[in-house]
Amino acid sequence: MPRLFTGLELPSSTGMMLSLMRGGLRGARWVDPENYHITLRFIGDIDDRIADEVAYELARVHRAPLTIKLTGLGTFGGSKPHALWARVEPTQELAELQAEQERILQRLGLQAERRKYTPHVTLARLRGTSSGELAHWLEMRGEFSAPAFTAGRFVLYSAKAAVGGGPYLVEESYPLAA
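Residues numbered from 1 in each chain as written. Predicted model: local features only at pLDDT ≥ 70, side-chain atom pairs only at ≥ 80, totals over all residues. Heavy atoms only, no water.

Trainee: When you look at the sheet that holds strand E6 (residues 83–88) in this model, what are you seeing that I'm missing?
Mentor: Where strands meet in a sheet, backbone hydrogen bonds hold them as pairs that are either parallel or antiparallel. With antiparallel pairing, four strands are arranged side by side in an open sheet as E2-E7-E6-E5. Two strands lie at the open edges of the sheet, namely strand E2 (28–30) and strand E5 (70–76), each paired on one side alone. Averaged over all pairs of adjacent strands, the angle between their axes in this sheet comes to 30°, without regard to strand direction. One ladder, built from three bridges, connects E2 with strand E7 (residues 120–126); its direction is antiparallel. Of the residues in E7, the one forming a bridge with Arg 29 is Arg 125. (Pairing = 2+ DSSP bridges. Helix = DSSP H or I, 4+ residues; strand = E, 2+ residues; numbered from the N terminus. Axes fitted to C-alpha atoms, helices over the stretch in contact; angles between N-to-C directions.)

Trainee: Sorry, what's going on with helix H1 (residues 12–19) here?
Mentor: Every α-helix carries 3.6 residues per turn, so stepping three or four residues along brings you back to the same face. Every buried residue of H1 is listed here: Thr 14, Gly 15, Leu 18 and Ser 19. Here the buried residues of H1 occupy an arc of 135° about the axis, which is enough to place them on one side. Against the buried residues of H1 lie E5, E6, E7 and strand E8 (149–151). (Buried < 20%, exposed > 50% of the residue type's maximum accessible area, 1.4 Å probe, protein only. Arc of directions from axis to C-beta. Contact = heavy atoms within 4.5 Å.)

Trainee: Help me understand the pattern of salt bridges in this model?
Mentor: When the charged atoms of two side chains lie near each other, side chains of opposite charge can form a pair. Considering all chains together, one arrives at nine salt bridges under this definition. Between Glu 102 and Arg 41 there is a salt bridge whose closest N-O contact spans 2.5 Å. Highlighted residues: Glu 102 in helix H3 (residues 92–107) and Arg 41 in strand E3 (residues 37–45), separated in sequence by 61 residues. A salt bridge links Glu 53 to Arg 49, with the shortest nitrogen-to-oxygen separation between them at 2.5 Å. Taken together, the residues span about one helical turn, with Glu 53 and Arg 49 both in helix H2 (residues 48–58) at a distance of four residues. The network of salt bridges with common partners includes Arg 63, Glu 96 and Glu 100. (Salt bridge = Lys/Arg side-chain N within 4 Å of Asp/Glu carboxyl O.)

These values are about where atoms sit, not about what they do.
This is the structure:
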């Protein structure tokens, strides 16, 4: 039973910039740079028949390439932070691509995503990191920004049934072309 999600890949130069921020934060389990990505839609553990249907239906998505810009750092979890991430500037085109995938997956009978879509690149998963330690770490890193890049495809990833972080495998890729 595969665990699937869709996402956008990052250029190696962007991954290198992000990887330079690794370290110096107690309780952080850092994501390996080769596993950096922008999740579009987490699908979860599904059977092989549904996985084949997902792969087939995603091929029907026809969108133009996307310009992606990473600016700033953030966290999930409030006073009990559990993830550190780089912010992806939201755009109408990115929101439309994500919403189209959401509609496709719901038509296939999968549950709707309950959380509001927040485009980001997860840098680390946190356990036992205080909000004070995290605030200090963020303050020391300043305002992160990476050059914009063009995403020319989105991919269907599979992951081991584990607590995230990879390794992720590209199962299918879908070009974004005007």
